[in-house]
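An overview of the molecular structure
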Amino acid sequence: MKKYLALLFFLLSAVMLAKPQIDISYDSPRYLITAQSIAYGNGYNFIYRPDNAPVFYNNYILPYFLAPLIRAFGINPYVLKAVMLLLGLFALFFFLSWVKIYLKEKELLFLFVALIYTPLFIKFCDKILTEALFVFFLTASFLLLRKYSVSKKKSCLILLFICCYCAIFTKITGIFILIPLFVYSKSDKDKKLILSTAILLAATIITVFIIQSRLLDNDKFYHIKYLLYKNAFTPDLGYIKPSDLLLRIIYNIRFYFFSLPAGIISNDSTLKIMPFLFWPTLVLGMKNKRSLERRAILSFFVCYAVFFLAWPWQDNRFFYPLLFIKVFYLYLGAEKLLRKTGLKLKKIIYLLILMSIILSGTGELLAKFTTERAYPAQVDEFISLARWLENNLDNDSVVLSQNPALIYLIASKKGVKVPYSYNLEKISLYIKENNVSYILADRFNWEMIRYIYPWVNQNKEKLQIIKTFGETALFSVLNTEERGELF
């Protein structure tokens, strides 16, 4: 069966690799530029920043993973996306190998087809983000935990340790993988696993402090500050209070109640009813009779999901790593609901479910070739102006924009990000300290509109419009000879 599953996946992959594009949304440009920095000997630094500051994210594995590919092939979308898809294939087989003792061969085939056609999988499986590599290490960890529990071999334990460590530093929320390890080792009274998990925890803490020790004070423990701000994009509002946190959790619950079911089946006709079928079925599958191993994995699933209910902003991308487990739970829940149903009716229901998933996934796949490739006018203006910068600005220019990594990716010009502050004097000081020579003022990033537009309006006489594309403008910050003292 494996060769047919691989063939099905590769057919889907071949379609997705037709004229692939580098992602400009999410964090892809930042990972690519960091990987480029590593590939050419600049290390784990923000190569696009004028001060070449150390990167303050703890998820360093992906840039190091991408660096050899970029060194060998450059930023080649065919190669990079093919590798992401290959990671997805391995992750699928690791996961199916893990669940095969619970399911029959036909059930595995159903689960495989359902997984590769879910809209959430199709949307993110080829993106150059941490998720694909994280799921690879996560599913490998599940399988290695199984193999170790059966064989008690040191080699399995060492590989499990390596995969868990890499998962944690591919996506820092991978820290929750320590919980199933502790649950399993304590329940099974496995001293080797307890010791290895304790060593892994120590290695994680030491690695975080090594990364953080390199940073400027303002950049240290960025993720903690990000989580604790009342609004991560408006630090001036201060830190969150218990009442604010409760409101954030309620808002997130409301958002994911409707959006997560749409990541499985997104047909318009089913959107209204889907959540009321999805959640009871999922809970029923989670409550299914469980082995120690499955209880351990459930602990990871719950802790990971609960964390993102407190996260400052919402995106189905955060729940992509749980997709495989989620579909497995949904299947177990559906089996429990349909156990007294006649065989023929049961087959018809499953066929309808699978067709709905395939139709939803096909719709998402079509979007990759249409709406996702036709950027909105304001985004197109930003990209066009960024391309213009490459041959029309001096190499020592510093461009302030909302996406300096993307500017560097397109035009190889250094830059800094919009400072998140309403204080216009602070923005003036920030521009001066970073020797900003140009401001690329787009009309779609609300941080630009909120913070930089008021500063531009107040300092019109100190700026000069150099180039426009539509309503997107490039301002030159005039030097002292051109406009007198600015600050």
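This write-up is about the structure you can find in this document. Going along each chain's sequence as written, the residues are numbered from 1 onward. Reporting in this predicted model follows two pLDDT cut-offs: at least 70 for local features of residues, and 80 or more for side-chain atom pairs to be given and counted; totals over whole chains, interfaces and linings ignore these cut-offs and use all residues. The side-chain quantities take in all heavy atoms of the structure and omit both hydrogens and water.

**Details of the overall build of the protein chain**
Strands here mean DSSP runs of E at least two residues long; helices mean DSSP runs of H or I at least four residues long; both are numbered from the N terminus. Scanning the protein chain for helices and strands turns up 21 helices and five strands. As defined in this context, the radius of gyration uses C-alpha atoms, and a globule is described by 2.2 Å times the residue total to the power 0.38. Over its C-alpha atoms the protein chain spans a radius of gyration of 24 Å, differing by no more than 12% from the 23 Å that the globule rule assigns to 487 residues. Counting only C-alpha atoms and orienting by the principal axes, one finds that the protein chain spans roughly 85 × 50 × 50 Å. Buried residues are those whose accessible area, probed at 1.4 Å on protein chains only, stays under 20% of the maximum for their type, while exposed residues exceed 50% and partly exposed ones sit between those limits. Counting only residues that meet the buried cut, the protein chain has 54% of its 487 residues in that class. Two residues qualify as a contact provided that any one of their heavy atoms is within 4.5 Å of a heavy atom in the partner residue. Sequence-distant contacts, at least 24 apart, represent 71% of the contacts inside the protein chain between residues at least 6 apart. Using the Shrake-Rupley algorithm and a 1.4 Å probe, accessible areas are obtained, with residue cover drawn only from the displayed protein chains. Total accessible area computed for the protein chain in this model is approximately 22,900 Å², and 63% of it derives from carbon and sulfur atoms. All tallies of charge rest on Lys and Arg as positive and Asp and Glu as negative; His and the ends of each chain are not included. Charge coordinates come from a single atom per side chain, which is NZ of Lys, CZ of Arg, CG of Asp or CD of Glu. When the 57 positive and 33 negative side-chain charges of the protein chain are each reduced to one mean point, those points stand 15 Å apart.

**What to know about the pairing of strand 2 (residues 414-417)**
By this definition, two strands are paired if DSSP reports at least two bridges between them. Relative to strand 2, strand 1 (residues 398-401) runs parallel, the two sharing four bridges. Bridging from a neighbouring strand, Val-398 pairs with Lys-414 of strand 2. Handedness of a crossover: with both strands directed away from the viewer, a clockwise path from the first strand across the helix to the second marks it as right-handed. Traced from strand 1 through helix 18 (residues 404-411) to strand 2, the parallel crossover comes out right-handed.

**Notes on the nonpolar core**
If you look at the biggest cluster of nonpolar residues, it comprises 142 residues, and the most contacted ones within it are Leu-66, Leu-111, Phe-300 and Ile-439. Counting residues per element, this core draws most heavily on helix 7 (residues 130-151), which supplies twelve residues. Contact partners of Leu-111, with chain neighbours within four places excluded, come to Phe-95, Leu-96, Val-99, Leu-103, Val-327, Phe-328 and Tyr-331. What makes a nonpolar core is a set of buried Ala, Val, Leu, Ile, Met, Phe, Trp, Tyr and Cys residues whose side-chain atoms join them at distances within 4.5 Å. Grouped together as the second largest cluster of nonpolar side chains are 13 residues, Leu-389, Leu-393, Leu-406 and Ile-407 included.

**Some remarks on the packing of helix 2 (residues 28-39) against helix 18**
Relative to each other, helix 2 and helix 18 sit at 60°, their axes nearing to 8 Å. Regarding the angle of helix 2 to helix 18, the classification is oblique. The interaxial crossing formed by helix 2 with helix 18 has left-handed handedness. Residues Pro-29, Arg-30, Leu-32, Ile-33 and Gln-36 of helix 2 pack against Ala-405, Leu-406, Tyr-408 and Leu-409 of helix 18. Angles shown run from 0 to 180 degrees and are taken between the N-to-C directions of axes, each axis being a line fitted to C-alpha atoms and, for helices, limited to the stretch in contact. Here the angle decides the label: under 35 degrees means roughly parallel, over 145 means roughly antiparallel, 65 to 115 means roughly perpendicular, and every other value means oblique. What makes a crossing left-handed is the near helix being turned counterclockwise from the far one by less than a right angle; a clockwise turn instead makes it right-handed.

**Description of the pairing of strand 3 (residues 438-441)**
Because side chains alternate across strand 3, one face comprises the buried residues Tyr-438 and Leu-440, and the other comprises Ile-439 and Ala-441, equally buried. In the sheet, strand 1 pairs with strand 3 via two bridges, with the strands oriented parallel. Paired with Val-399 across the bridge in strand 3 is Tyr-438. Here strand 3 pairs with strand 5 (residues 472-477) via four bridges, running antiparallel. Counterpart to Tyr-438 in the pairing with strand 5 is Ser-476.

**A few points about the sheet that holds strand 4 (residues 463-469)**
Spatial strand order, 2-1-3-5-4: five strands in an open sheet with mixed pairing. Strands at the two margins of the open sheet, each flanked by one partner only, are strand 2 and strand 4. Averaged over all pairs of adjacent strands, the angle between their axes in this sheet comes to 25°, without regard to strand direction. The sheet strands contacting helix 17 (residues 377-392) are strand 1, strand 3, strand 4 and strand 5, and the helix crosses strand 5 at an angle near 40°.

**A look at a nonpolar patch on the surface**
What makes a patch is a set of residues exposed beyond 30% relative accessible area and free of salt bridges, joined within 9 Å when like-charged and within 5 Å when nonpolar (Val, Leu, Ile, Met, Phe, Trp, Tyr). For this analysis, a salt bridge means a side-chain nitrogen from Lys or Arg found within 4 Å of a carboxyl oxygen belonging to Asp or Glu. On the surface, Phe-182, Leu-201, Ile-205, Phe-209, Phe-221, Ile-224, Leu-228 and Tyr-239 cluster together into a nonpolar patch covering about 720 Å² of accessible area. Mapped onto the nonpolar patch, the elements with two or more residues apiece are helix 10 (191-213) and helix 11 (222-228). Tallying contributions element by element places helix 10 first for the nonpolar patch, with three residues. With respect to the helices and strands, Tyr-239 occurs in the loop between helix 11 and helix 12 (242-262).

**Thoughts on the packing of aromatic side chains**
Note on ring pairs: Phe, Tyr and Trp rings are taken, using the six-membered ring of Trp, and paired if centres are within 6.5 Å. Classes follow the plane angle, with under 30 degrees stacked, over 60 edge-to-face and the rest tilted. Summed over all chains, the structure comprises 51 aromatic pairs. Both rings, one in Phe-56 and one in Tyr-57, keep their centres 4.7 Å apart while their planes meet at 40°; by these two values the pair is tilted. Of the residues examined, Phe-56 reaches a relative accessible area of 10% and is grouped as buried. Considering the side-chain rings of Phe-94 and Phe-136, the 5.5 Å spacing of their centres and the 50° angle between planes classify their relative orientation as tilted. Of this pair, Phe-94 sits in helix 4 (residues 77-99) while Phe-136 is found in helix 7, placing the two residues 42 residues apart along the sequence. Residue class for Phe-136 comes out buried when judged on its relative accessible area of 18%. Either the NZ atom of lysine or the CZ atom of arginine qualifies as a charge over a ring when it sits within 6 Å of the ring centre and within 35 degrees of the ring normal. The side chain of Arg-30 reaches across the aromatic face of Tyr-57, ending 3.7 Å from its centre. Arg-294 extends its terminal NZ or CZ atom over the ring of Tyr-102, reaching a point 4.5 Å from the ring centre.

**What about the side chain of Gln-314?**
Summarising the element assignment, Gln-314 is placed in the loop between helix 14 (292-309) and helix 15 (323-337). Two N or O atoms count as a polar contact when they lie within 3.5 Å, although within protein this holds only if one can serve as hydrogen donor and the other as acceptor, and sequence-adjacent residues are included solely when both atoms are side-chain atoms. A distance of 2.5 Å separates polar atoms of two side chains, one belonging to Gln-314 and the other to Asn-252. Apart from residues lying up to four places away in sequence, Gln-314 is in contact with Tyr-251, Asn-252, Phe-255 and Tyr-256.

**Side note on the side chain of Ser-299**
Looking at where Ser-299 falls in the secondary structure, it is placed in helix 14. Judged by relative accessible area, Ser-299 falls into the buried class, the value being 15%. Sequence-distant contacts of Ser-299, that is, excluding residues within four places in its chain, are made with Ile-179, Pro-180 and Val-183.

**Structural notes on helix 7**
Given the number of residues in a helix, its expected span is that number minus one, multiplied by 1.5 Å. With 22 residues, helix 7 should cover 32 Å at 1.5 Å per step; its first-to-last C-alpha distance of 31 Å lies within 8% of that length. Along helix 7, 18 of the 22 residues are buried, which leaves the element largely enclosed by surrounding structure. The first or second residue beyond helix 7 is Lys-152, which carries a positive phi of 60°.

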